[in-house]
Amino acid sequence: GGILAVTTDTGDDDNAVLMAGTFKPLDGGMEVYARFKYSNVDCAIFVGFMETLVLATPVMPAEFATATMTYNGTGGMVGFNYDADGTTDDFRALMGDGGAAISDSSNGVRATATLTADRWFEAKVSVFPDGRADCWFAHSGLVNSQNYPKARLVKRFSTGTLLGTGDMFYAALMIENRSANARVLEVDKMVAKGYRDWAF
């Protein structure tokens with residue numbers, strides 16, 4: 001019933017990541033869900049799946065500056081990015097591999113979220129055995145008739161080049177500060193699941 005608070009260091013671009021896995025789409029699909037908020041808007045957030053994760057020095061898999069998404073590393077990724085370096089702040093659904101966008105995701109797809117510090121956000125990323133993925137997003141300022149956050153399908157990545165189905169992915173929720181200040185990521189819930197490869 002508690003909230004986990006993760007605080008970055010004060011160095012610019014310092015980060016912290018919560019991770020689970022690894023999971024492989026081919027084994028039957030995989031899913032990550034997170035409910036989180038951040039203390040100040042001058043940060044970057046990633047939630048989803050990433051193939052490349054160096055535990056000692058984690059790197060944000062995708063970054064958005066001005067109006068351009070940059071895909072880092074050599075591995076696959078799918079999920080949501082928020083980055084204060086963008087001209088228009090928003091969470092963006094994205095899919096990439098090999099340092100480039102795939103599946104019509106060159107600069108991400110906006111979630112049209114109302115961004116405010118200290119507001120709860122919810123994200124769910126589902127990856128299917130064939131490499132397709134659904135990216136859902138909700139926030140506490142957008143509620144349904146029962147006053148619960150209303151999730152919206154932001155992007156269904158289902159055409160063109162998709163994720164490598166035999167690749168291994170980490171489920172990740174990551175914060176990186178965008179100034180020389182400590183920033184806090186508060187996490188109410190993070191759930192990741194996948195299926196096992198029972199072959200011997």
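Residues numbered from 1 in each chain as written. Predicted model: local features only at pLDDT ≥ 70, side-chain atom pairs only at ≥ 80, totals over all residues. Heavy atoms only, no water.

Asks: Any chance you could explain the side chain of Ser126 here in plain terms?
Replies: Its place among the elements puts Ser126 in strand E11 (residues 121-127). A relative accessible area of 8% means that Ser126 is categorised as buried. At a separation of 2.9 Å, a polar atom in the side chain of Ser126 contacts the side chain of Glu31. Beyond its immediate stretch of four places on either side in the chain, Ser126 contacts Met30, Glu31, Arg132, Ala133 and Asp134. (Helix = DSSP H or I, 4+ residues; strand = E, 2+ residues; numbered from the N terminus. Buried < 20%, exposed > 50% of the residue type's maximum accessible area, 1.4 Å probe, protein only. Polar contact = N/O pair within 3.5 Å; in protein donor to acceptor, adjacent residues only side chain to side chain. Contact = heavy atoms within 4.5 Å.)

Asks: It is not clear to me how the pattern of salt bridges should be interpreted in this structure. Could you clarify?
Replies: Pairs may arise between side chains of opposite charge once their charged atoms sit close together. Applying the stated rule across the entire model yields 13 salt bridges. Each of the salt bridges in this network shares a partner with another, and the network as a whole consists of Asp13, Glu63, Asp83, Asp85, Glu176 and Arg178. (Salt bridge = Lys/Arg side-chain N within 4 Å of Asp/Glu carboxyl O.)

Asks: Please clarify how the packing of aromatic side chains should be interpreted in this entry.
Replies: For the coordinates displayed, the defined rule picks out ten aromatic pairs. Considering the side-chain rings of Phe80 and Phe137, the 5.1 Å spacing of their centres and the 55 degrees angle between planes classify their relative orientation as tilted. Of the two residues, Phe80 sits in strand E7 (residues 77-83) while Phe137 sits in strand E12 (residues 133-139), which places them 57 residues apart along the sequence. Taking relative accessible area as the criterion, Phe80 reaches 0% and is therefore assigned buried. Aromatic pair Phe91 and Phe137: ring centres 4.6 Å apart, planes at 35 degrees, arrangement tilted. Within this pair, whereas Phe91 is found in strand E8 (residues 91-97), its partner Phe137 is found in strand E12, the two being separated by 46 residues in sequence. Summarising the burial analysis for this pair, Phe91 and Phe137 share the class buried. Taken together, the ring pairs in this structure connect Phe36, Tyr38, Phe80, Tyr82, Phe91, Phe121 and Phe137 into an aromatic cluster. One residue, Arg92, lies across the ring of Phe64, its end atom 3.9 Å from the ring centre. (Phe/Tyr/Trp six-rings, centres within 6.5 Å; stacked < 30°, edge-to-face > 60°. Lys NZ or Arg CZ within 6 Å of the ring centre and 35° of its normal.)

Asks: What am I meant to see in the environment of Arg152 here?
Replies: Inspection of the secondary structure assignment puts Arg152 in strand E13 (residues 152-157). For Arg152, a relative accessible area of 35% gives the class partly exposed. Aside from chain neighbours lying at most four places away, what touches Arg152 is Arg110, Ala111, Thr112, Cys135, Trp136 and Phe137. A polar contact is formed between the side chain of Arg152 and the backbone oxygen of Ala111, at a distance of 2.8 Å.

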